[in-house]
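Each chain, letter by letter, is given below.
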Amino acid sequence: MILSLDKQISLSTLSEVNKYIHKVKIGYPLILENIAYLDNIVKLHWDEIIFDLKLADIDNTMLFIASKFINYADSFIAHSFIGIEGALDKLSEFLKNQNKSLYLVLSMSHKGWNDEFYPYLKNIAKTIDPKGFVVGATRPNMIRIVRNDFMDKIIISPGVGAQGAMVGDAICNGADYEIIGRSIYESKDPVAETKKIIETQEVKINECKRTEN
Ligand code: BMP
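Read on for an overview of the structure. Just so it is clear, the structure is predicted and the values come from calculations on it, not from any experiment.

Lining the immediate environment of the ligand, one finds 14 residues, of which D6, K54, S109, Q163 and R182 sit closest. One of the side-chain N or O atoms of D52 is found 3.3 Å from an oxygen atom in the ligand. Taking R182, its side chain carries an N or O atom lying 2.7 Å from an oxygen atom of the ligand.

Right, let's get into the layout of surface pockets. Here the largest pocket is characterised by a volume of approximately 440 Å³. What lines the largest pocket is a set of 25 residues, and nearest its centre among them are S4, D6, K25, P158 and Q163. When residues in the lining of the largest pocket are grouped by element, the largest group, three residues, is from helix α9 (residues 182–185).

Quick look at the packing of helix α5 (residues 84–97) against helix α6 (residues 118–128) now. Between two packed helices, what matters for the description is the angle formed by their axes and the separation of those axes. As a packed pair, α5 and α6 sit with axes 11 Å apart at the nearest point and diverge in direction by 40°. Pair α5 / α6 crosses with right-handed handedness. Here α5 contributes I84, L88, D89, S92 and K96 to the contact with α6, which in turn contributes I124, T127 and I128. Of the residues that constitute the contact of α5 with α6, the class distribution is four nonpolar, two polar and two charged.

Under the criterion given, the structure shown has one disulfide. Two residues share a disulfide in this structure: C172 and C208, whose sulfurs sit 2.2 Å from each other. As the torsion about the S-S bond is roughly -85°, the C172-C208 disulfide counts as left-handed. Here the residue C172 occupies a position in helix α8 (residues 169–172), and C208 occupies one in helix α10 (residues 190–212), the gap between them amounting to 36 residues. Under the relative-accessibility criterion, C208 is labelled buried at 18%.

Contact geometry for helix α4 (residues 59–69) and α5: axes closest at 8 Å, N-to-C directions at 30°. As for how α4 packs across α5, the hand of that crossing is right-handed. Facing D59, M62, L63, A66 and S67 of α4, the residues of α5 in contact are G86, A87, L88, K90, L91 and F94. When the residues that make up the contact of α4 with α5 are grouped by side-chain class, the tally is seven nonpolar, two polar and two charged.

Here we take up the packing of aromatic side chains. Applying the stated rule across the entire model yields four aromatic pairs. Look at F51 and F76: their rings are 6.1 Å apart centre to centre, the planes differ by 45°, and that puts the pair in the tilted class. One end of the pair, F51, is in strand β3 (residues 48–55); the other, F76, is in strand β4 (residues 75–79), with 25 residues separating them in the sequence. Residues F51 and F76 agree in their burial class; the two are buried. Geometrically, the ring pair formed by F133 and F150 is tilted, given 4.6 Å between the ring centres and 55° between the ring planes. Of this pair, F133 sits in strand β6 (residues 132–135) while F150 sits in the loop between α7 (140–149) and β7 (154–158), and the two are 17 residues apart along the sequence.

Here K54, not a glycine, exhibits a phi torsion of approximately 40°, which is positive. Of note, K54 is situated in strand β3. For K54, a relative accessible area of 30% corresponds to the partly exposed category.

This brings us to the sheet that holds strand β1 (residues 2–5). Overall, parallel pairing links the eight strands, which are arranged β1-β2-β3-β4-β5-β6-β7-β8 in a closed barrel. Recorded for the sheet is a direction-independent mean angle of 30° between the axes of neighbouring strands. Judged from the three bridges that link them, β3 and β4 form a sheet pairing that is parallel. Bridge assignment links L55 to a residue of β4, and that residue is A78. The strands that α4 touches are β3 and β4; relative to β3, the one it contacts most, it runs at about 155°. Across the sheet, α5 touches β3, β4 and β5 (101–107), and the angle it forms with β5 is around 145°.

Reading the values: rules and limits
Residues numbered from 1 in each chain as written. Predicted model: local features only at pLDDT ≥ 70, side-chain atom pairs only at ≥ 80, totals over all residues. Heavy atoms only, no water. Near = heavy atom within 4 Å. Polar contact = N/O pair within 3.5 Å; in protein donor to acceptor, adjacent residues only side chain to side chain. 1 Å grid on protein atoms, 1.4 Å probe; cavity = no way out; pocket = protein on both sides within 12 Å on 5 of 7 lines; lining within 4 Å. Points joined across faces, edges and corners; volume = space filled by probe spheres on them. Helix = DSSP H or I, 4+ residues; strand = E, 2+ residues; numbered from the N terminus. Axes fitted to C-alpha atoms, helices over the stretch in contact; angles between N-to-C directions. Left-handed = near helix turned anticlockwise from the far one by under 90°. Contact = heavy atoms within 4.5 Å. Nonpolar A, V, L, I, M, F, W, Y, C, P; charged D, E, K, R; others polar. Disulfide = S-S within 2.5 Å. Buried < 20%, exposed > 50% of the residue type's maximum accessible area, 1.4 Å probe, protein only. Phe/Tyr/Trp six-rings, centres within 6.5 Å; stacked < 30°, edge-to-face > 60°. Pairing = 2+ DSSP bridges.

All quantities given are derived from atomic positions and should not be read as evidence of function.
Okay, structure coming up:
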């Protein structure tokens, strides 16, 4: 699981949650709420800190933004639709030189996203060859398609819980990680909720493995 931390929670709660979840995704809501909080996050024990800045601009601007957070981040998320030349080519090269990774958005979780563009995005993704992709958990069919097209890439999947996708479904369809935010940080007891989600995920994954065999 990846914790999507779009809102500050107490550091004691976060460090408890961090015992169960080892990857965190940070985006503009948290950065704008309290940029100093980032210093506390990096002190915890994460396997990966993903900066979800949805980079979608010309190369110069994206490099400027990514540079600001380079010391906090292991990886960054960018939109793929911006194309290669003068945009993703330079971002990808810059992140490689900094030993950081890149995820590209291939399919979003909200209703209005149009997957008719997927063949175009897929070609960009093939050329850029990032670490992985963001594919919405609300679109199990797209997860299966992306998994089939990119067997060796990491798929991270938001949209679980608050947006309606069921815990475990994205994994059963081929995602590597489910991204969960509000269901955890807005719950009365984020630690208990985290444990509950992990248990549900395990049951679901075992169930779908059994059905596959
Ligand atoms: P939540 O579990 O609270 O719905 O949070 C989901 C997170 O994933 C949010 O940070 C959101 O911006 C992000 N996200 C998403 O919901 N759908 C996408 O297609 C891509 C995202 O990055």
